[in-house]
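Residue strings, one per chain:
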Amino acid sequence: QEKRKKLDEKKKVEESERLERKRIFQEREAKKRLRSSNSNNISASPQDANEGDLTNSSLHATNDDKKPVWAKSEVAHKESQEIAVINEEADLLDFVDNLDFEQYAEDLELKSLVSQLSNRIKTLRKEKKRDET
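Residues numbered from 1 in each chain as written. Predicted model: local features only at pLDDT ≥ 70, side-chain atom pairs only at ≥ 80, totals over all residues. Heavy atoms only, no water.

Participant: Which residues make up the overall build of the protein, and what values go with them?
Facilitator: For the protein, the helix and strand inventory stands at 5 helices and 0 strands. Moving toward the C terminus, one meets the helices and strands of the protein in the order α-α-α-α-α. Taking contacts inside the protein between residues at least 6 apart in sequence as the whole, the part at least 24 apart equals 53%. Put simply, the protein shows about 11,400 Å² of open surface, and 54% of that area lies on carbon and sulfur atoms. (Helix = DSSP H or I, 4+ residues; strand = E, 2+ residues; numbered from the N terminus. Contact = heavy atoms within 4.5 Å. Areas by Shrake-Rupley, 256 points an atom, 1.4 Å probe, with all protein chains shown as cover.)

Participant: Outline a nonpolar patch on the surface, listing residues and values.
Facilitator: A surface patch of nonpolar side chains, about 330 Å² in accessible area, is lined by Tyr104, Leu110, Leu113 and Val114. Take the nonpolar patch: its biggest share by element is 3 residues, from helix 5 (residues 108–132). With respect to the helices and strands, the residue Val114 is situated in helix 5. Residue Val114 is classed as partly exposed on the basis of its relative accessible area, which comes to 48%. (Patch = residues over 30% accessible without salt bridge, like charges linked within 9 Å, V, L, I, M, F, W, Y side chains within 5 Å. Salt bridge = Lys/Arg side-chain N within 4 Å of Asp/Glu carboxyl O. Buried < 20%, exposed > 50% of the residue type's maximum accessible area, 1.4 Å probe, protein only.)

Participant: Describe the pattern of salt bridges, listing the residues and the values that go with them.
Facilitator: Applying the stated rule across the entire model yields 8 salt bridges. Here Arg18 makes a salt bridge to Glu15, at a shortest N to O gap of 2.6 Å. Within this pair, Arg18 and its partner Glu15 are both found in helix 1 (residues 2–43), separated by 3 residues, close to a single helical turn. Judged by relative accessible area, which is 33%, Glu15 ranks as partly exposed. A salt bridge links Lys78 to Glu74, with the shortest nitrogen-to-oxygen separation between them at 3.3 Å. Taken together, the residues span about one helical turn, with Lys78 and Glu74 both in helix 3 (residues 74–98) at a distance of 4 residues. It is possible to trace a salt-bridge network through shared partners that takes in Glu15, Arg18 and Asp94.

Participant: Can you lay out the layout of surface pockets for me, pointing to particular residues and giving the numbers?
Facilitator: Space inside the largest pocket adds up to approximately 580 Å³. Looking at the lining of the largest pocket, the elements that each hand over two or more residues are helix 1, helix 3 and helix 4 (101–105). No other element matches the 9 residues that helix 1 contributes to the lining of the largest pocket. The class makeup of the residues in the lining of the largest pocket is 3 nonpolar, 1 polar and 11 charged. (1 Å grid on protein atoms, 1.4 Å probe; cavity = no way out; pocket = protein on both sides within 12 Å on 5 of 7 lines; lining within 4 Å. Points joined across faces, edges and corners; volume = space filled by probe spheres on them. Nonpolar A, V, L, I, M, F, W, Y, C, P; charged D, E, K, R; others polar.)

Participant: Could you give an account of the side chain of Arg18, naming the residues involved and the relevant values?
Facilitator: Arg18 gets classed as buried once you look at its relative accessible area, which sits at 8%. In this structure, Arg18 is in contact with Asp94, Asp97 and Asn98, ignoring residues within four places of it in sequence.

Participant: Tell me about helix 3, residues and numbers included.
Facilitator: Its 25 residues give helix 3 an end-to-end C-alpha distance of 36 Å, which sits within 8% of 36 Å, the value for a rise of 1.5 Å per residue. Within the span of helix 3, buried status applies to Val75, Ala76, Glu79, Ser80, Ile86 and Ala90. (Expected span 1.5 Å × (residues − 1).)

Participant: So, the environment of Lys22: which residues are in play, and what are the values?
Facilitator: Position of Lys22 among the secondary structure elements: in helix 1. Residue class for Lys22 comes out partly exposed when judged on its relative accessible area of 33%. As a C-alpha pair, Lys22 and Asp91 span 69 residues in sequence and 9.9 Å in three-dimensional space.

And the structure:
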């Protein structure tokens, strides 16, 4: 029971660390998007500047999200691509944070694949030694 309590505490600490990393990542990316939209506003025409402000930015869903790619403005298309990349990165980080290697360590199929790989490595090493002599 003591081990279980320690594991539960460790799991809680890891979960809080994961959530903190995710929060920091999301804040950093939001700042990047904001800087990007501000730089787009400065260099873009007045018509495009309205598309880059916070009300139409990637922080809020707009009707542009439902439009096909060819119907979106260039700014909206770039924003949607940035959002997709950020979401993909967040999903990957979340997957890695929640990955439980112990769960896979007991998997019989994985064990058999690892043993096959190790056998293949041994045979390749033997062949290499034989070729060298």
